[in-house]
Amino acid sequence: MLVALLLLPAGAVAAAGPGGAGVPDRPRVAAVACSTGELWACRPGGQLVVAGSGLDSVRAVVLLGRSGAADDQRVAATPADATKLSVVLPPRLRAGRIELVSRAGNTTPARRLKVLATPPPAPAAALDAGATTLGPGESLYAGSRKQAVFAVNLPVPASVEAYAVATGAAVRTWPLPAGPGEVRWDGTVSNVPVGDGRYAFRVAGDMTARAARAPSEPIVIHDAVFPIRGAHDLGQSPTNNFGGPRGHGGQDMFAKCGTPLVAVRPGKVLIERFQERAGNYVVVQDATGQSYVYMHMRDKSLVPKDGLVQAGQPIGYVGQTGRASGCHLHFELWTAPGFYLGGKAVDPLPELTRWDAFR
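Quick summary incoming for the structure in this document. The structure presented is a predicted model; accordingly, all values stated were derived computationally and were not measured. (Residues numbered from 1 in each chain as written. Predicted model: local features only at pLDDT ≥ 70, side-chain atom pairs only at ≥ 80, totals over all residues. Heavy atoms only, no water.)

## With respect to the sheet that holds strand 14 (residues 170-176)
- Here we have 5 strands laid out as an open sheet, ordered 11-19-18-13-14, and mixed in their pairing. Looking at strand neighbours, the two that pair on one side only are strand 11 (140-141) and strand 14, the edges of this open sheet. (Pairing = 2+ DSSP bridges. Helix = DSSP H or I, 4+ residues; strand = E, 2+ residues; numbered from the N terminus.)

Printed below as a string of structure tokens:
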């Protein structure tokens, strides 16, 4: 299946054997996907990722458009290795077949690429919907619905800073006018969670304003939420771990079927679908380009593709769909720019262990 090929770890699509001396392999296409997750379809101006073999020899992708060469569009290719390359599509894209051109002049035809309509951008305010106030003694999961509040009554205009208690360094600033006011903070800067640790608020700038309000009590901010919200383990044997002889791409963690699963960090649902091996799976991409992958879920994701999620927001339930033995979550962590977009899968267990210790 094409989806299965895109799910294989980087380098898992076998390259063709070496040809004669100095002669590159003829490129072969196994699957094509848009950076937003669609197979054999993409939007104008989007990034197209091609999986296959011999792709390190490709110098260009030709978009054939309609019949005839008049509307053909040639785009320079950027191979990551022999099994994967990416191209940025032109803003005026026509539907039609695609063709790979190698340095040796070989051409490899592929099937038709569908052109998708460009959706309007999701409003950033959607992540603030339903925000609640952090209670006394509560820790804050950065990017969740909870917000820390700092109230002031300033004699002159001034700025309020959120700062790291350990270093004193300001991480975010809010200018405020004179008089009563407040700032609310979810523990993120530009939708990226601050580091795990203790933070507080203070008034900066004018001495009179600073004297009018002492710094707040520190709050504990956690930079992520453990994905399983219920009794679980972190794996039952070495075969559940990342890597190993079978090239396992994530961490298998066992829990009762139906146990809730939540978003680790705030982000956007990049992929939501069913696949023969992965079962019901979802990929969440954060603002840094890092991806979090949940496989074998009991049902389809609670959040649709392109939906925005907050840290700790329910996205599904532990299951055993696809090729799974027992109820468990197969969890993958991918570096930027994300899941099969040029990033790579890394061992998630150190981060999972750290997140699991948060209380």
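## Quick word on the state of the cysteines
- For the structure on display, the rule yields 1 disulfide.
- Bridging Cys257 to Cys327, the disulfide has an S-S length of 2.0 Å. Looking down the S-S bond of the Cys257 and Cys327 bridge, the torsion is -95°, so its handedness is left-handed. Placement of Cys257 in the loop between strand 20 (251-254) and strand 21 (260-262) and of Cys327 in the loop between strand 26 (314-317) and strand 27 (328-334) is noted, with a sequence separation of 70 residues between them.
- Here Cys257 falls in the partly exposed class, since its relative accessible area comes to 29%. (Disulfide = S-S within 2.5 Å. Buried < 20%, exposed > 50% of the residue type's maximum accessible area, 1.4 Å probe, protein only.)

## With respect to unusual backbone geometry
- Residue Pro337 follows Ala336 across a cis peptide bond; omega there is 10°.
- Relative to the assigned elements, Pro337 resides in the loop between strand 27 and strand 28 (345-346).
- Its identity as a non-glycine residue notwithstanding, His296 has a phi of 70°, on the positive side.
- Among the structural elements, His296 can be located in strand 24 (residues 291-297).
- Taking relative accessible area as the criterion, His296 reaches 6% and is therefore assigned buried.
- Positive phi, close to 75°, is recorded for Asp306, a residue that is not glycine.

## Some thoughts on the nonpolar core
- Ranked by size, the top nonpolar core spans 28 residues in total, and within it Leu261, Tyr294, Ile315, Phe331 and Trp355 carry the most contacts.
- If you list the elements that add at least two residues to this core, you get strand 21, strand 23 (279-285), strand 24, strand 27 and helix 3 (349-356).
- Setting aside residues up to four positions removed in sequence, Ile315 forms contacts with Leu261, Val262, Ala263, Val282, Tyr294, Met297, Ser301, Leu302, Val303 and Val309.
- Counting 22 residues, the second-largest nonpolar core is a separate cluster that includes Leu140, Trp174, Leu176 and Phe201. (Core = buried A, V, L, I, M, F, W, Y, C linked by side-chain atoms within 4.5 Å. Contact = heavy atoms within 4.5 Å.)

## Brief notes about the environment of Ala212
- Within the fold, Ala212 resides in helix 2 (residues 207-212).
- Classification of Ala212 by relative accessible area gives partly exposed; the value is 42%.
- With 59 residues separating them in the primary sequence, Ala212 and Asn153 have C-alpha atoms 7.7 Å apart.
- Setting aside anything within four residues of it in sequence, one finds Ala212 in contact with Asn153 and Pro155.

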